[in-house]
Amino acid sequence: MRAIESSVSSQRTLNPFTGWTNKFIFPPYDFSIADCMVTNFHTPKSTLLMMVSAFCGHDLMKKAYEEAVKEKYRFYSYGDAMLII
């Protein structure tokens with residue numbers, strides 16, 4: 001997601017890009033091109049969790065994680081994933 005967002009032009013088109021990308025996407029962030037995301041359930045206070053929160057909003061992210069804990073979803077890299085639309 002970070003690489004894709006770094007490759008978006010001011011006209012909101014995806015273009016080839018060479019160079020550094022930003023390390024962090026955190027709220028508030030206005031995504032330029034992505035309209036959905038597939039991601040794992042990440043650890044608390046991680047940069048990936050901040051990116052998910054920036055994408056779907058803090059309240060929806062908290063609801064999803066509460067449901068995941070309640071239903072005993074698996075977390076981290078080899079755990080369950082979610083589709084955010």
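The rules we used
- The numbering scheme is per chain: residues are counted from 1 as the chain's sequence reads.
- Given that this is a predicted model, residues contribute local features only at a pLDDT of at least 70 and side-chain atom pairs are listed and counted only at 80 or more, while totals for whole chains, interfaces and linings are drawn from all residues.
- With hydrogens and water stripped out, all remaining heavy atoms of the structure feed into the side-chain values.
- What counts as a helix is a DSSP run of H or I of at least four residues, what counts as a strand is a run of E of at least two, and both are numbered from the N terminus.
- The span you would expect from a helix comes to 1.5 Å times its residue count less one.
- For each residue, the accessible area found with a 1.4 Å probe, counting protein chains only, is set against the maximum for its type, and the residue is called buried under 20%, exposed over 50%, and partly exposed in between.
- The reported arc concerns the directions from the helix axis to the C-beta atoms and nothing else.
- The term salt bridge refers to a side-chain nitrogen of Lys or Arg lying within 4 Å of a carboxyl oxygen of Asp or Glu.
- Each Phe, Tyr or Trp ring, with Trp reduced to its six-membered ring, pairs with another whose centre is within 6.5 Å; inter-plane angles below 30 degrees give stacked pairs, above 60 give edge-to-face pairs, and intermediate values give tilted ones.
- Should any heavy atoms of two residues lie within 4.5 Å, those residues are counted as being in contact.

How would you sum up helix α3 (residues 58–70)? Please name residues and give values.
In an α-helix there are 3.6 residues to a turn, and that puts residues three or four apart on one side. With 13 residues, α3 ought to run about 18 Å at 1.5 Å a step, and its terminal C-alpha atoms sit 18 Å apart, in line with that. Buried within α3 we find Met61, Tyr65 and Ala68. Down the axis, α3 shows its buried residues gathered within 55 degrees of arc, on one side only. Residues Asp59, Lys63, Glu66 and Lys70 are exposed on α3 and point more than 90 degrees away from its buried face.

For the pattern of salt bridges, give the residues involved together with the corresponding values.
For the coordinates displayed, the defined rule picks out 4 salt bridges. As a salt-bridge pair, Lys70 and Glu71 come within 4.0 Å of each other at their nearest N and O atoms. Judged by relative accessible area, which is 58%, Lys70 ranks as exposed. A salt bridge links Asp80 to Arg74; its shortest N-O distance comes to 3.2 Å. In the salt-bridge network here, residues are joined through shared partners; they are Glu67, Lys70 and Glu71.

So what's going on with the packing of aromatic side chains? Residues and values would help.
Going through the model one piece at a time under the given rule, you end up with 7 aromatic pairs. Measuring from centroid to centroid gives 4.9 Å for Phe31 and Phe55, while their planes differ by 80 degrees, and the two rings are edge-to-face. Taken together, the positions of Phe31 in the loop between α1 (2–6) and β1 (37–40) and Phe55 in helix α2 (residues 47–56) put the pair 24 residues apart, joining distant regions of the chain. Residues Phe31 and Phe55 agree in their burial class; the two are buried. With centroids separated by 5.7 Å and ring planes inclined at 65 degrees, the aromatic side chains of Tyr65 and Phe75 adopt a geometry described as edge-to-face. One end of the pair, Tyr65, is in helix α3; the other, Phe75, is in the loop between α3 and β2 (81–84), with 10 residues separating them in the sequence. Accessibility expressed as a relative area gives 11% for Tyr65, which makes it buried. The rings of Phe41, Tyr65, Tyr73, Phe75 and Tyr76 are connected pair by pair, giving a single aromatic cluster.

An account of α2 is needed here, citing residue identities and associated values.
Listed as buried for α2 are Leu49, Met51, Val52, Ser53, Ala54 and Phe55. Close packing links the buried residues of α2 with α1, β1, α3 and β2. In the segment just after α2, Gly57 is the residue with positive phi, at about 100 degrees.

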